[in-house]
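Inside the fold
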Amino acid sequence: MAITSYPFDGQSVTESDFSRLFREFTDSGVAASASSNAFEISADGTGMSVRVQPGFGVVRGHAVLSTAVETLPIAAAGTATRYDRAVLRLDPAVNSITLAVLQGAAGGGVPALTQTDTGVYELPLATVTVEANVTAITSAAVTASRPFVGHSVGTWGTSTRPASPRLGKIGFNRDTSTWEFWDGAAWTPLVASVSWSSLTGKPNAFSPSPHSHKWTDITGTPTSLPPAAHKHKWADITDTPGTYPPSSHAHSWSSISGRPSTFPPSSHSHSGYLEAGDTIAWANGSKKPHHNSASGSGTWYAVWVEGDGTFCRNTSSIRYKENVRDITVDPAAVLALRPRIYDRKPTEEKPEARRDEFGLIAEEVAETLPEIVTYDEEGRIDALRYDLLGVALLPVVQDQATRIERLEALVEETSRA
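Below you will find a few notes about this structure.

Basis of the calculations
- All chains use their own residue numbering, which begins from 1 and follows the written sequence.
- Where totals are concerned, whole chains, interfaces and linings use all residues; where local detail is concerned, this predicted model gives features only for residues with pLDDT of at least 70, and gives and counts side-chain atom pairs only at 80 or more.
- Side-chain measures were taken over the full set of non-hydrogen atoms in the model, leaving aside hydrogen atoms and water.
- Helix and strand definitions here come from DSSP, where helices need a minimum of 4 consecutive H or I residues and strands a minimum of 2 consecutive E residues; each element is numbered from the N-terminal end.
- Using a 1.4 Å probe on the protein chains alone, a residue whose accessible area is under 20% of its type maximum counts as buried, one over 50% counts as exposed, and one in between counts as partly exposed.
- What makes two residues a contact is simply this: any of their non-hydrogen atoms within 4.5 Å.
- Here the expected length of a helix is defined as 1.5 Å per residue gap, with one fewer gap than residues.
- The salt bridge criterion pairs a side-chain nitrogen of Lys or Arg with a carboxyl oxygen of Asp or Glu, the two atoms within 4 Å.
- For two strands to count as paired, DSSP must find a minimum of two bridges between them.
- Axis definition: a line fitted to C-alpha atoms, limited for helices to the stretch in contact. Angles are taken between N-to-C directions and run from 0 to 180 degrees.
- Counting of polar contacts relies on pairs of N or O atoms within 3.5 Å, with two restrictions inside protein: one atom must be capable of donating a hydrogen and the other of accepting it, and residues adjacent in sequence are counted only when both atoms are side-chain atoms.
- Only protein atoms enter the 1 Å grid used here. Points where a 1.4 Å probe fits but cannot escape make up a cavity, open sets with protein on both sides within 12 Å along at least five of seven lines make up a pocket, and a residue lines them when an atom lies within 4 Å of a point.
- Grid points are joined across faces, edges and corners, and a volume is the space filled by probe spheres set on the points.
- Put simply, Ala, Val, Leu, Ile, Met, Phe, Trp, Tyr, Cys and Pro go in the nonpolar bin, Asp, Glu, Lys and Arg in the charged bin, and everything else, Gly too, in the polar bin.
- Buried Ala, Val, Leu, Ile, Met, Phe, Trp, Tyr and Cys residues that are joined via side-chain atoms within 4.5 Å together make up what is termed a nonpolar core.
- A patch is a set of surface residues, each over 30% in relative accessible area and not in a salt bridge, joined within 9 Å for like charges and within 5 Å for the nonpolar side chains Val, Leu, Ile, Met, Phe, Trp and Tyr.
- A 1.4 Å probe and the Shrake-Rupley method give the accessible areas. Residues count as covered only by the protein chains that appear here.

**Re the overall build of the chain**
- Looking only at helices and strands, the chain features six helices and 20 strands.
- Here the chain, with 417 residues, has 21% of them falling under the buried criterion.
- Here the analysis covers contacts within the chain between residues at least 6 apart in sequence; of these, 45% occur between residues at least 24 apart.

**Examining helix α6 (residues 386-416)**
- In a regular helix each residue adds 1.5 Å, so 31 residues correspond to 45 Å; α6 covers 46 Å between its end C-alpha atoms and thus fits that length.
- For α6, the elements touching its buried residues are α4 (331-335).

**Things to note about the pattern of salt bridges**
- Enumeration according to the criterion identifies 13 salt bridges in this entry.
- R380 is paired through a salt bridge with E378; the nearest N and O atoms lie 3.6 Å apart.
- By relative accessible area, which is 62% here, E378 ends up exposed.
- Taken together, the salt bridges that share partners define one network made up of R338, R340 and E364.

**Observations regarding the sheet that holds strand β7 (residues 82-91)**
- Strands sit in the order β8-β7-β9-β10 across an open sheet of four strands; the sheet is antiparallel. Because the sheet does not close on itself, it has two edges, and the strands there are β8 (96-102) and β10 (142-144). Averaged over all pairs of adjacent strands, the angle between their axes in this sheet comes to 20°, without regard to strand direction.
- Where β7 meets β8, seven bridges bridge the pair, whose relative direction is antiparallel. Along β8, the bridge assignment pairs A86 with V101.

**Re the side chain of R85**
- By the secondary structure assignment, R85 is in strand β7.
- At a separation of 3.0 Å, a polar atom in the side chain of R85 contacts the main-chain carbonyl oxygen of P111.
- In contact with R85, other than residues within four places in its own chain, are A100, V101, L102, V110, P111, A112, L113, A126 and T127.

**As for unusual backbone geometry**
- With phi around 55°, N95 is a residue other than glycine that occupies positive phi space.
- Judged by relative accessible area, which is 61%, N95 ranks as exposed.

**Here's the deal with the layout of surface pockets**
- Put simply, the largest pocket is a space of about 740 Å³.
- What lines the largest pocket is a set of 23 residues, and nearest its centre among them are K321, R325, I327, L388 and V391.
- Looking at the lining of the largest pocket, the element that brings in the most residues is α6, giving seven residues.
- Tallied by class, the residues present in the lining of the largest pocket amount to twelve nonpolar, five polar and six charged.

**Some remarks on the nonpolar core**
- Counting 26 residues, the largest nonpolar core has F39, I41, V50, V59, L88 and I137 as its most contacted members.
- Secondary structure elements with two or more residues in this core: β2 (41-43), β3 (49-52), β7 and β9 (121-130).
- The greatest single-element share of this core, amounting to six residues, is contributed by β9.
- Counting residues in each nonpolar core, the second largest holds 13 residues, with V334, L360, A362 and L369 among its members.

**Brief notes about the environment of S42**
- For S42, the position within the fold is in strand β2.
- The class of S42 is partly exposed, set by a relative accessible area of 22%.
- Taking the C-alpha atoms as reference points, S42 and A126, separated by 84 residues in sequence, lie 8.9 Å from one another.
- Discounting residues that sit within four places of it in the chain, S42 has contacts with V50, R51 and V142.

**Observations concerning a nonpolar patch on the surface**
- Taken together, V153, W179, L190 and V191 make up a surface patch of nonpolar side chains, about 420 Å² in accessible area.
- Among the structural elements, W179 can be located in strand β13 (residues 178-182).
- Owing to a relative accessible area of 43%, W179 belongs among the partly exposed residues under this scheme.

**Quick notes on the sheet that holds strand β5 (residues 62-66)**
- On the basis of which strands lie adjacent, the open sheet formed by three strands has the order β1-β4-β5 and antiparallel pairing. The sheet is open, and its two borders are formed by β1 (29-30) and β5, each paired with just one other strand.
- Pairing analysis gives five bridges linking strand β4 (residues 55-59) to β5, with the strands arranged antiparallel. Bridge pairing links V58 to A63 in β5.

Here you go:
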């Protein structure tokens, strides 16, 4: 068996030997507190590049030191989002650790790291999201991914703690017999002390564990005990009944005579639906727009009916909205809508079809203006939001207004000429 030991005086020790030795002392990563900015990547703010802060790190047993802010260029954006990676690249073949950018594929995921045991090893620092067609990298596009070197576990007393600990340094305090760590401001017990009063969710009472008692120790014992389970012959029982009612059983509907032909519904109600006497009724609701003017105090609302039959008022205040943003409606899509006249199919409740109704066909609207089409619970096209049709017409009117203004200006310019 071949045994090798190093380093000793007068002995040739290779780069691989030192790398193997130092990897046992610490992991690969940035040698600093997790809250520091060592090798931190940030947006340059002026174009397609990022800044890298100075720092010290260890990459697979090799040390790297940067003493100044470095700038890394990011390749120009394409027509689809891609993800680039800023890394520290160890290349033993050229005896160096350098900053590099791994460029991702447009529309693809984050590029994989090369991490071999004896060749190239890449330590991730940050992921840069390059949106389609951007000309500058923003702060929101940079996601940190720096790993930090591990911390050795120490043993000390209260007066001999490390003088300049890094965040997360952990050790055993012999004076207090507790594990503690440095939280950036003070030494904190790894396991906090817990008192009964500070516990939440504890039971108010505890059921006793299985145990036994002597009969003589029990108070309130009965003077007599009922007999244990036993049997009697039928002939020995007195006062037996002469007849017996039938046990629980069932009958088929066809075997029942004298049953009613119809069943009037019993008094009941439906949650979320209009009931007799509600504010929206035939007498004061549906007919009101035909026979009465909208007058009187109070606020008037349009009404929506949800899929489960619940009525709700149609509100439009910004108080009820979030994530408000502009939408582009193609005027040509609105102008492509075709008003149609049709007959309504008959139903069991209304066997006579309603004829010559005027409106739009939802499936036709879905081809050009799907924003105002609604779907049922099974995902089928069901109805139209006619209340949104007026909103969709605004871009048409605005486009026509712009064209009229241009034509008027052209006519005025022509007349002056």
